[in-house]
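Structure assessment
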Amino acid sequence: MAVTDSYGYCRATVGNDADTDTMMKCMSDYIAENSHVYARTVLLVYAAALIFFMQAGFAMVCAGAVRKKNVQNTMLKNLLDACGASMAFFSVGFAIAFGGDDHKSPNKTFIGTSNFFLIDFENYSMFLFQYAFSAASATIVAGTLAERCQMAAYLCYSLMLTGWVYPVVAHSVWSPNGFLSAYSVDPLWGVGMIDFAGSGVVHVTGGITALFAAIILGPRRGRFHDDMGRRLDTPNSFPRHSVALQMLGTFILWFGWYGFNPGSALLLHSPDAAEIAALAGVNSTLAAGAAGIVALFLNLYVLERYTGEAYFDLQYAMNGTLCGLVSITAGCAVVEPFAAVIIGAVSGVVYLLGSRGLVKFRIDDAVDAIPVHLLSGIWGVIAVGLFASPRKLQSAFARDNHPGLFYSWKDGNSDAVLLGTQLAGLGFIIGWVCTIMVPFFVWLDWKGWFRSDPLEEIVGLDTSYHGGLALLANGEDELNPKYVTAYQQKKREGTLRKRRTITQTADQASFDDEADEDDDEDDEDDDMEQSGNFREQRKAS
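Description of the structure in this document. (Residues numbered from 1 in each chain as written. Predicted model: local features only at pLDDT ≥ 70, side-chain atom pairs only at ≥ 80, totals over all residues. Heavy atoms only, no water.)

Quick look at the side chain of N115 now. Mapped onto the elements of the fold, N115 is located in the loop between α3 (71–98) and α4 (124–144). On the accessibility criterion, N115 (12% relative accessible area) is buried. Separated by 3.5 Å, the side chains of N115 and S114 make a polar contact. Sequence-distant contacts of N115, that is, excluding residues within four places in its chain, are made with A95, G99, G100, D120 and F121. (Helix = DSSP H or I, 4+ residues; strand = E, 2+ residues; numbered from the N terminus. Buried < 20%, exposed > 50% of the residue type's maximum accessible area, 1.4 Å probe, protein only. Polar contact = N/O pair within 3.5 Å; in protein donor to acceptor, adjacent residues only side chain to side chain. Contact = heavy atoms within 4.5 Å.)

Right, dumping it as structure tokens:
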């Protein structure tokens, strides 16, 4: 078919009277060009599939990190991210991000203005690839809000993020008509923000959303306060359902990252795209390995110094590895391999500080998504401004006028233009997400649609949303029977998930007092029984 098409094309191009050599050259050029397009399309679809497979990784990490009574609910929310993102990105998100792109125009636009519902757009591999990115950004928040967020609120958030918030960020940084874009013919300050595969666009957007949501939603019941609302001196650590699922999810995410980073090279209009893809894969591997090792052993050292008892915490190794992948995502195509090791190692330190900082400031993140995605994403964007190699910049973006600051110092200059551009881009991303999502979450909370009912949290979201009380008898999550009875009663009355009022809060507090009194009475009975047994034994002796 390709030969037939090429012959028809060349007959129309060079004419029927062309000699054999001219005709053969025309046909070979045509076949070579179309083969390149075919290969690029197939590889882009494959890269999109790898990125979409990361949804399974996110689901496994979340399912392993929560308690058994919330596993089904957490996994359903991950699935809703993929479903909601597909609808939102198809209808408006893709058009806002990339609709009407003009690679030759220096004009800047805030959003795209065409191709809504993919009308008049047939580059489906491009859509599929970008959709996978948008879904990944939305899924970052799933673990942070686990075990306490209502389903309706989560779906609303997912649609808002993938249909409006994320596309504006993607347009600004990746569209050739975005004001921050390094792909523009007239980039900001002559260089533009370089975020090759999304440390800022994907991970900072999702991470900062998770931070705002966690603050407004509040911690899980019993995490930082007791049932009476008193602040705990030592926060409670909830049992994780399965560390094996977490490890499986970590490896799936690492595997999917080879579509995330090397796959982005397929979008470059560069003759060196293949070499850039290989470099991105190597840098991703090195950064992940360095970060995992640093996070594991640095935590080991800290535990030994502060507690006197050192042990290997698998969570730090897993999340440290993910931090390395997040941090290298922005610069995987423009830094040398040695710099990737440094960037990954620093991200391991960032994770340790961020994870402990969340506990210090009493912010509850069930899977540590905030330090993994937000803090490591910020570091990754900044690292480009420090380590971007002139040689790699020339290869990927056909310009090397503003390299990383360290290379500038090496040449005896103080060129911080690229670093300044990266910081400006970060400021825009954080400011934009804050402007939209904070009022959105506050509104959801005010309406009573954001947080689950306290009794639902206690009995587990699997029970309240997915039916049945069989999970309550598994022996892993001990419950006061009073809570089960109260949950069943509220469910029959239809008063679950109503907007909380002062009266409802007081009633709940009264119920908690009664439950605590019952617990105290049971404890007193046990003490009396034990003391009676002791007296009988003493008399017998």
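Right, let's get into the packing of helix α5 (residues 151–174) against helix α14 (residues 417–447). Two numbers describe how α5 lies on α14: the axes approach to 11 Å, and their chain directions differ by 160°. When the axes of α5 and α14 are compared, the pair comes out roughly antiparallel. Crossing angle aside, the handedness with which α5 passes α14 is right-handed. The segment α5 lies against α14, with A153, C156, Y157, M160, W164, V165, V168, V169 and S172 engaging F428, I429, W432, V433, I436, M437, F440, F441 and L444. Here the contact of α5 with α14 is composed, by residue class, of 17 nonpolar, one polar and no charged. (Axes fitted to C-alpha atoms, helices over the stretch in contact; angles between N-to-C directions. Parallel < 35°, antiparallel > 145°, perpendicular 65-115°, else oblique. Left-handed = near helix turned anticlockwise from the far one by under 90°. Nonpolar A, V, L, I, M, F, W, Y, C, P; charged D, E, K, R; others polar.)

One pair of aromatic rings is described through two measures. These are the centre distance and the angle between the planes. Inspection of every chain in the model, using the stated rule, returns 25 aromatic pairs. With 5.7 Å between their ring centres and 85° between their planes, F297 and F312 make a pair best called edge-to-face. Of the two residues, F297 is situated in helix α8 (residues 273–307) and F312 in the loop between α8 and α9 (314–328); the sequence distance between them amounts to 15 residues. When its relative accessible area of 53% is taken as the criterion, F312 is described as exposed. Chaining the aromatic ring pairs together yields one cluster made of Y154, Y157, F440, F441, W443, W449 and F450. (Phe/Tyr/Trp six-rings, centres within 6.5 Å; stacked < 30°, edge-to-face > 60°.)

With that settled, consider the environment of G377. Checked against the element boundaries, G377 lands in helix α11 (residues 369–387). Along the primary structure G377 and L426 are separated by 49 residues, whereas in three dimensions their C-alpha atoms are 9.6 Å apart. When near neighbours in sequence (up to four residues on either side) are disregarded, G377 contacts S199, V204, V326 and V372.

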